[in-house]
Amino acid sequence: MIFTHDTPAQRVLFGHGRAGEHLADEVTRLGATRVMVIATHPHPDVIGTIPVALHHDDVAPHVPVDVADRARQAARHHDIDLLVCIGGGSTTGLAKAVALTSGIPIVAVPTTYAGSEATDVWGLTEAGRKTTGVDRRVLPTTVVYDSALTVGLPVELSVASGLNALAHCVDSLWGPRADPINASTAAAGIRALNAGLPAVVEDATDRAGRDEMLLGAYLSAVAFASAGSGLHHKICHVLGGAYDLPHAQTHAVILPHVLAFNAPAAPDAARTIAAAFGTDSAEDGLARLRKRVDAPTALSPYGFDVSMIPDAVARILPVVPESNPRPVTESDLTTILTAACTGDAPM
Ligand code: NAD
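Residues numbered from 1 in each chain as written. Predicted model: local features only at pLDDT ≥ 70, side-chain atom pairs only at ≥ 80, totals over all residues.

## A closer look at the overall build of the chain
Right, on to step 1. The secondary structure content of the chain amounts to 13 helices and eight strands.
Right, on to step 2. For a compact globule of 347 residues, the expected C-alpha radius of gyration is about 20 Å, and the chain comes in at 19 Å, within 12% of that figure.
Right, on to step 3. In terms of its C-alpha atoms, the chain occupies a principal-axis envelope of roughly 55 × 45 × 40 Å.
Right, on to step 4. Among the 347 residues that make up the chain, the fraction classed as buried is 52%.
Right, on to step 5. Look at the contacts in the chain between residues 6 or more apart in sequence, and 73% of them connect residues 24 or more apart. (Helix = DSSP H or I, 4+ residues; strand = E, 2+ residues; numbered from the N terminus. Rg over C-alpha atoms; globule rule 2.2 N^0.38 Å. Buried ≥ 20, exposed ≤ 12 C-beta atoms within 10 Å, placed from the backbone. Contact = placed C-beta atoms within 7 Å.)

## Comments concerning the sheet that holds strand β3 (residues 52-56)
Right, on to step 1. Ordered in space as β1-β8-β5-β4-β2-β3, the six strands form an open sheet in which the pairing is parallel. Two strands in the sheet have a free side with no partner beyond their single neighbour: β1 (11-14) and β3. Between one strand and the next, the sheet's axes are offset by a mean angle of 15 degrees, whatever the strand orientation.
Right, on to step 2. Relative to strand β4 (residues 82-87), strand β2 (residues 35-38) is paired through four bridges, and the arrangement is parallel. Considered in β4, the bridge of Met 36 is made with Leu 83.
Right, on to step 3. Helix-sheet contacts for helix α1 (residues 19-30) involve β1, β2, β4, β5 (106-110) and β8 (142-145), and the interaxial angle to β8 is about 165 degrees. (Pairing = 2+ DSSP bridges. Axes fitted to C-alpha atoms, helices over the stretch in contact; angles between N-to-C directions.)

## What to know about the domain arrangement of the chain
Right, on to step 1. When the domains of the chain are assigned, the result is domain 1 (11-150) and domain 2 (155-342).
Right, on to step 2. Contacts between the two partners involve 18 residues from domain 1 and, on the opposite side, 22 residues from domain 2.
Right, on to step 3. Elements that contribute at least two residues to the side of domain 1 that touches domain 2 include exactly β7 (129-134) and β8.
Right, on to step 4. The residue inventory of the side of domain 1 that touches domain 2, partitioned by class, reads seven nonpolar, seven polar and four charged. (Domains from an automatic or database assignment. Nonpolar A, V, L, I, M, F, W, Y, C, P; charged D, E, K, R; others polar.)

## Quick notes on the pairing of β4
Right, on to step 1. Counting buried positions along β4 yields six of six residues, so the element is predominantly enclosed.
Right, on to step 2. Burial along β4 is two-sided: the face carrying Leu 82, Val 84 and Ile 86 and the face carrying Leu 83, Cys 85 and Gly 87 are both buried.
Right, on to step 3. Both β4 and β5 contribute to a ladder of five bridges, which runs parallel. By the bridge assignment for β5, Leu 83 is matched with Ile 106.

## With respect to the environment of Ala 186
Right, on to step 1. Relative to the helices and strands, Ala 186 resides in helix α6 (residues 180-202).
Right, on to step 2. Placed 14 residues apart in sequence, Ala 186 and Ser 172 show a C-alpha to C-alpha distance of 6.8 Å.

## Details of the packing of helix α5 (residues 155-172) against α6
The angle between the axes and the distance between the axes are what describe a pair of packed helices.
Right, on to step 1. One way to put it is that α5 packs onto α6 with a least axis distance of 8 Å and a crossing angle of 165 degrees. Looking at the two axes, α5 sits roughly antiparallel to α6. When the axes of α5 and α6 are compared, the crossing they make is left-handed. Residues Val 155, Ser 158, Val 159, Gly 162, Ala 165, Leu 166, Cys 169 and Ser 172 of α5 lie in contact with α6, whose contacting residues are Asn 182, Ala 186, Gly 189, Ile 190, Leu 193, Leu 197, Val 200 and Val 201.
Right, on to step 2. Taken together, the residues of the contact of α5 with α6 sort by class into 11 nonpolar, five polar and no charged. (Parallel < 35°, antiparallel > 145°, perpendicular 65-115°, else oblique. Left-handed = near helix turned anticlockwise from the far one by under 90°.)

## Let's talk about the site of the ligand
Right, on to step 1. If you check the shell around the ligand, you find 25 residues, and the closest are Gly 88, Gly 89, Thr 111, Thr 112 and Thr 119.
Right, on to step 2. Top contributing element to the shell around the ligand by residue count: helix α4 (residues 89-102), with four residues.
Right, on to step 3. Its residues placed into classes, the shell around the ligand shows seven nonpolar, 18 polar and no charged.
Right, on to step 4. Taken domain by domain, the makeup of the shell around the ligand includes at least three residues from each of domain 1 (11-150) and domain 2 (155-342). (Near = placed C-beta within 6 Å.)

## So, the nonpolar core
Right, on to step 1. Leu 83, Val 84, Cys 85 and Leu 94 are the most contacted members of the largest nonpolar core, which has 114 residues in total.
Right, on to step 2. In terms of residues, this core owes the most to one element, helix α7 (residues 207-227), which gives 12 residues.
Right, on to step 3. For this core, the two domains that each supply at least three residues are domain 1 (11-150) and domain 2 (155-342).
Right, on to step 4. With near-sequence residues (within four places) excluded, Cys 85 lies in contact with Ile 38, Ala 39, Thr 91, Thr 92, Leu 94, Ala 95, Ile 106, Ala 108 and Val 109. (Core = buried A, V, L, I, M, F, W, Y, C linked by C-beta atoms within 7 Å.)

Listed below in structure tokens is the structure:
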């Protein structure tokens, strides 16, 4: 066994109903005196005791460059020394855009399962084109997880976002830097998400399930950040950027198709996924979870049409990772996207 593994350092504070206290401790520990809070909601219970110099709520999906520029100007103007973002991946993404050009540290308080808080990946969108990059300056110094903050997340979004996290785990297993360490993290993530997601869907008040989901989201993102983007993420990245499809829902729909395509050529990964689900096959484990939480099955309701498939295939083919366990042809991608568009079962 020969591999090189790199886990970026990050502090995690976890506790239901503890975000305010944990955040205050962290702001003190970091010595910050002028905090920029990036959040679309006021969150008085969370930010009540920290030195807020500015509450910035100008957030938009996929971090458009003009939104990033306004946030960067605001941070400069208010002489900010710490960014605190409270929200989903779009909010974390905006804090990352500010950190990228300023080096200001981030404390992230996630309210979805997107996992951006645990990666050093940033993204910016200009004229319908999403650019991403990797930079250690954008990795939040600290993550504060509080499952009480996820209670307001609608069930449909909880499901899509939870499957977005699950996709990080699955795709990590054949990502370009997949190794036994990130595979273990991915497997632990699948176990947590498989336990948590049905609990959250079936009982909105299930605190243990919500904790499992945040734990799973973190593990999934750590695995993904370490292993890098596999075929699934490349497909979703192109679809999200080119056709403005919703991020989490796109991941939720595409995942079973990529798993069905890759699993036969990746027996170790398939065994790891099946064992984490506690099922005989990886595909059955995912299918069982998806059925239980009534996962979305088709991209067409989100605005993706079969007429877009040839263009999408042409965009995806050049970015297929070399690490993929089997070759990917134009015909393969057409089959995957056609089934995902219409909601047909994975082939
Ligand atoms: P999002 O942040 O856009 O949130 C989706 C919706 O849910 C928004 O309307 C938001 O206001 C709402 N919301 C969030 N938390 C809520 C809560 N607790 N209660 C009620 N409503 C809530 O979507 P997302 O799926 O969290 O993130 C998607 C974005 O994150 C994409 O731009 C994606 O590219 C990025 N992302 C980046 C990384 C990375 O590593 N850089 C990883 C994952 C996702």
